[in-house]
Amino acid sequence: MKTKIFIALILCFILTIKGYSQQQPAVTMNNFITSLMKKMTLDEKIGQLNLLTPGGGIATGAVVSSDVETKISKGQVGGLFGVIGEEKIRQAQEIAVTKSRLKIPLLFGSDVIHGYKTTFPIPLALSCSWDMLMIERSARIAATEATADGLNWAFSPMVDIARDPRWGRVAEGAGEDPYLGSQIAKAMVMGYQGNGLGNDNTLMSCVKHFALYGAVEGGREYNTVDMSRVKMYNYYLPPYKAAVEAGTGSVMSSFNTIDNIPATGNKWLLTDLLRKQWGFKGFVVSDYTAVNEMTEHGMGDLQTVSALALNAGLDMDMVGEGFLTTLKKSLQEGKVTRKQIDDACQRILEAKYKLGLFTDPYRYCNVERLAREVLSADKRTAAREFAEHSFVLLKNKDQLLPLKKSGTIALIGPLANDKSNMLGTWAVSGNSDLSIPVLEGMKNVSGNSVNILYAKGANISDDTSFAKKVNVFGTRIDIDKRSPKEMMDEALGIANRSDVIVAVIGEASEMTGESSSRSQINIPASQLTLLKELKKTGKPLVLVIMSGRPLTINWETENANAVLFTWHAGDEAGNAIADVLFGNYDPSGKLTISFPRSVGQIPVYYNHLNTGRPNPGDDFNKFHSNYLDVENSPLFPFGYGLSYTSFQYGDLKLSSTTLKTTGTIRASITVTNTGNYDGEEVVQLYLRDMVASIARPVKELKGFQKIFLKKGESKLVSFTIGIEDLKFYNAALKYVTEPGDFKLFVGGNSQEVKEGSFKLVN
Ligand code: NOJ
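Residues numbered from 1 in each chain as written. Predicted model: local features only at pLDDT ≥ 70, side-chain atom pairs only at ≥ 80, totals over all residues. Heavy atoms only, no water.

Overview of the domain arrangement of the protein chain
Logical step 1: Annotation of the protein chain at the domain level lists domain 1 (1–38), domain 2 (39–371), domain 3 (379–601) and domain 4 (647–761).
Logical step 2: Centre-to-centre, using C-alpha coordinates, domain 2 lies 36 Å away from domain 4.
Logical step 3: Each partner contributes to the interface: domain 2 provides 14 residues, whereas domain 4 provides 16 residues.
Logical step 4: A buried area of about 1200 Å², summed over both sides, lies between domain 2 and domain 4, and 68% of it is on carbon and sulfur atoms.
Logical step 5: Among the residues domain 2 hides against domain 4, the three largest losses belong to Trp 130, Tyr 179 and Tyr 233. Together they make up 47% of the total.
Logical step 6: Taken together, the links from domain 2 to domain 4 amount to 0 salt bridges.
Logical step 7: Counting the contacts that link domain 2 with domain 4 gives 3 residue pairs in polar contact (both at pLDDT 80 or more).
Logical step 8: Here the side of domain 2 that touches domain 4 gets 5 residues from one element, more than from any other, and that element is helix 9 (residues 229–236).
Logical step 9: For the side of domain 2 that touches domain 4, a count of residues per class yields 7 nonpolar, 3 polar and 4 charged. (Domains from an automatic or database assignment. Contact = heavy atoms within 4.5 Å. Buried area = accessible area lost by both parts, 1.4 Å probe. Salt bridge = Lys/Arg side-chain N within 4 Å of Asp/Glu carboxyl O. Polar contact = N/O pair within 3.5 Å; in protein donor to acceptor, adjacent residues only side chain to side chain. Helix = DSSP H or I, 4+ residues; strand = E, 2+ residues; numbered from the N terminus. Nonpolar A, V, L, I, M, F, W, Y, C, P; charged D, E, K, R; others polar.)

Focus on the sheet that holds strand 14 (residues 500–506)
Logical step 1: Spatially, 11-16-15-14-12-13 is the arrangement adopted by the 6 strands of the open sheet, whose pairing is mixed. Two strands in the sheet have a free side with no partner beyond their single neighbour: strand 11 (392–396) and strand 13 (451–455). Sheet twist, expressed as the average angle between the axes of neighbouring strands with direction ignored, equals 15°.
Logical step 2: Here strand 15 (residues 541–546) pairs with strand 16 (residues 562–565) via 4 bridges, running parallel. Residue Val 542 lies in a different strand from strand 16, and its bridge partner there is Ala 562.
Logical step 3: Contacting strand 12 (408–412), strand 14 and strand 15, helix 21 (residues 525–536) crosses the sheet at an angle of about 170° to strand 14. (Pairing = 2+ DSSP bridges. Axes fitted to C-alpha atoms, helices over the stretch in contact; angles between N-to-C directions.)

Structural notes on the nonpolar core
Logical step 1: Core analysis: the biggest nonpolar cluster contains 125 residues, and Trp 153, Phe 210, Leu 237, Leu 394, Leu 534 and Trp 567 have the highest contact counts within it.
Logical step 2: Counting residues per element, this core draws most heavily on helix 15 (residues 338–354), at 6 residues.
Logical step 3: In this structure Leu 534 touches Ile 412, Leu 492, Ala 495, Ile 501, Ala 503 and Leu 541, once residues within four positions along its chain are discounted.
Logical step 4: Counting 45 residues, the second-largest nonpolar core is a separate cluster that includes Tyr 116, Ala 143, Ala 146 and Tyr 192. (Core = buried A, V, L, I, M, F, W, Y, C linked by side-chain atoms within 4.5 Å. Buried < 20%, exposed > 50% of the residue type's maximum accessible area, 1.4 Å probe, protein only.)

Considering the side chain of Ser 250
Logical step 1: Of note, Ser 250 is situated in strand 6 (residues 250–253).
Logical step 2: Of note is the side chain of Ser 250, whose polar atom sits 2.9 Å from the backbone oxygen of Ser 205.
Logical step 3: Not counting the four nearest positions on each side in its chain, Ser 250 is found in contact with Trp 153, Met 204, Ser 205, Cys 206, Val 207, Phe 280 and Phe 283.

This is the structure:
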């Protein structure tokens, strides 16, 4: 007996060393799924490809699924989304695993976008922290809460590169840069999925929207996209690729066209690129009724577009039921193959297997964890920390901020004492009643030492028809019963009695997000009128601007003494804003998307190509590439953000001015905190390829480090540059480097940089 145990142990040891322990689960999974699929009818297989929403959550299209219970019992549903709460999810799962013939459990998805019940700042805000560990932690916490409440699949991260702030969904992404966007995509996938899908507190991520959705023409929602392959490969595709490399379990196809073919039916995109070139092994789900919408794109009737989608490589059909109702017919007519249906079904079953649903379909419904995890105090603390790190200080004339914790502050503005807009867009599971408005936060943080006077001062907008469009999910723009004049008089009354005015203004949360494009991205007229009157009082004016997108805030930044851009900051908005205003936290956020001076400049982004007639500086020069009526430069560039302290950059030193293709060089710079506060700085590294076979951008982010420096402290920051940092997709879409001259820039934003140069040699 002893000998047998000994031999078994030795065998185990050898197999482990040879990596068999890794392969074993895959073999088991394959066997399990093969034998399950042998039992499945064609209808049951097609059923797995069907994703429904029974309503109750947010419907983002015209249809909501019907007869969902019956369909689950008949094995016609692979997963649900928009079912909120452990109890409801448990009930739905029970139908699947007790009433359907083969008892296949369901996937439960949701738009877990920036937190779950505990709501964090919107993704664009989080990206401004440039803190990958923090961003990963935000996804980790969201996964912990969501999985305790029954969910196993998050429709996140949204990694669409966006250069057009008219598009409302810039709020959901990480801004304009492919390098930073890729780092964030990876951090989010790792945060959601952890070390794998087997744990009950991790969920499967779904990277979206594949692909190029951020480049819709005119910034108009759901619009078409047209783009060269070189542009795609170099700027728009890298974050999706990074998410795939990080192991995302699923991908969501986008609504837009690519090369005139909708992404959802685009074989080049879903099969050649995603599966063959990138090696993606998970499944692809469509966006909400995106299969059906291909009919509007002019691709044919429901049967035709459903076959097109399956042929292209789509595995799961969200809400539209084109797969459910037409694939069988298409198979009979030879328009799709049995193998295609099998492959799609297999990928979905594999995801369920990896999530452990065949072992325990209720593993994500855990009332004990639910009670412990959801909205726990540590998550609120994290929400406050994340928010503080996301704010970007755009101006601070004469060091007006931080405010003294004494005297009288007039806190004015439609967003100063508002709960309904704090969470931001896509907070489907959040509860705005739990959010902290700025007034409450200011009182919490300043205690009794400051006299805070409050007045609303203006409506977010006075335009009732605009308000109606914004208020679809509940009142976000609350038009006061008082007249604008009455509100203004009250505000001016308190302003005149105060030492400083803090005006909290900006966008309502649903002025950004899905289906919220704007052709003007300014502060609405009602609020600007208020600001102009406040300015006339001559009191120092601090602006706290909440928004889901960059805004054209020329007058505002010119005329205010200080501007803190807080985005929509989540549950702890008020406390975090007060922490920063009163100096408990020194702001460190840096913009991840450029702020235009006017809508006419859009797209304005830092990593643009040079023209043949570049404008030297911002003044008008005849026969150069510029405008008669506005400068070329943005109002605030990518990477920009101030601190209460100041940072000085020393000389940039390169370990060599020659880089061999097999080697590396080091760029080092000493950064010193020369101000009066401890603070964090994001040190950014940019490169420029001076001569190449295709035109290359004037600058590209290739590295960054967020460092903490005590007042008076210096640190040597070093970046290692190797061949990988110099690669790009050439005209033949080969990922190459080309020998020659490069410039290298290091600084605290994309424009104020120290410069060096080196040569790449073979
Ligand atoms: C449509 C949105 O485009 C997508 O981001 C979201 O995940 C789905 N609706 C599901 O709510």
